[in-house]
Amino acid sequence: MNFHLIPNWTEAVVETYEFRTTVFTSRSGKEQRVAERKLPRRTVGFTTGLWGDGLRVFQALLHERGAQTITIPDPARYAAVLAQDATVGSLFIVIQGAPPWLAPNMPLSLSDINRTEFRGGSMIANVGAFSVDFDSDDFDVNKRTRITLTSPLARTWPKGTSVRPVIEGRLPPEVDLDYRNDSVAESEIKINVLPPSQVP
């Protein structure tokens, strides 16, 4: 299930890597360490505010999900921003700079405080190809990256919209909702990231 969860940036986003190794002593007396996992387990934790429809959808998710996975924008990755408006139906976006996580065939999210673009159970914005253009020798200010999408945008996104990779994962067995009133709540989210969606 795709979901719109935005961190409260007045508090930290915590990214944790858990390695599993076996330590043994060789015949020569030296310590040896062998990895038992190909990739470390990754968890991402943050506090988020929920209100209105978003709160109701999240409550339904908690009641019905079981071991269901959720997909959200990765809050632990540097957000690129749109360098110009991206109109509904567009098959490309232009971002400021070239984030190190950008790669072909990568699912992306476009989000603002109110929504994240998802459609039909999958991310709408998958990278088909990308190219980096330089308007001048000033790499920091004028570098632009044009990203070709594999499917058109479902709505118009203004210049400055956040663009991030997505992660897929599971919520822990226990999730708390701290209610401020009957339509506003805060929750400390911790997502156990599934390996295919881990971004270096």
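Here, every reference points to the structure presented above.
Residues numbered from 1 in each chain as written. Predicted model: local features only at pLDDT ≥ 70, side-chain atom pairs only at ≥ 80, totals over all residues. Heavy atoms only, no water.

### Digging into the side chain of Thr43
Along the polypeptide, Thr43 turns up in strand β4 (residues 41–51). Not counting residues up to four positions away in its chain, the partners in contact with Thr43 are Val14, Glu15, Thr16, Lys190, Ile191 and Asn192. (Helix = DSSP H or I, 4+ residues; strand = E, 2+ residues; numbered from the N terminus. Contact = heavy atoms within 4.5 Å.)

### Quick word on the packing of aromatic side chains
Counted under the stated rule, the structure contains 0 aromatic pairs. The ring centre of Phe92 lies 3.7 Å from the NZ or CZ of Arg146, which sits over that ring. Over the aromatic face of Trp157 sits the side chain of Arg155, whose NZ or CZ is 4.1 Å from the ring centroid. (Phe/Tyr/Trp six-rings, centres within 6.5 Å; stacked < 30°, edge-to-face > 60°. Lys NZ or Arg CZ within 6 Å of the ring centre and 35° of its normal.)

### Description of helix α1 (residues 52–64)
End to end, α1 covers 19 Å across 13 residues, agreeing with the expected 18 Å (1.5 Å per residue, within 8%). Of the positions making up α1, those classed as buried are Leu55, Phe58 and Leu61. Buried residues of α1 fall within an arc of 120° about the axis and therefore sit on the same side. The exposed set on the far side of α1, more than 90 degrees from its buried face, consists of Asp53, His63 and Glu64. Looking at the buried residues of α1, the elements they touch are β4, β5 (70–73), β14 (178–181) and β15 (184–193). (Expected span 1.5 Å × (residues − 1). Buried < 20%, exposed > 50% of the residue type's maximum accessible area, 1.4 Å probe, protein only. Arc of directions from axis to C-beta.)

### Re the pairing of β15
Successive residues of a regular strand alternate their side chains across the two faces of the sheet. Side chains Ala185, Ser187, Ile189, Ile191 and Val193 of β15 all project onto a buried face; the interleaved residues Val184, Glu186, Glu188, Lys190 and Asn192 project onto a face where none is buried. Bridge analysis of strand β13 (residues 162–170) against β15 gives 2 bridges, and the strand direction is antiparallel. For Gly169, the partnering residue across the bridge sits in β15 and is Val193. When β14 meets β15, the two strands line up antiparallel, connected through 3 bridges. Within β15, the residue paired with Asp178 across the bridge is Glu186. Hairpin connection from β14 to β15: 2 residues lie between these consecutive antiparallel strands. (Pairing = 2+ DSSP bridges.)

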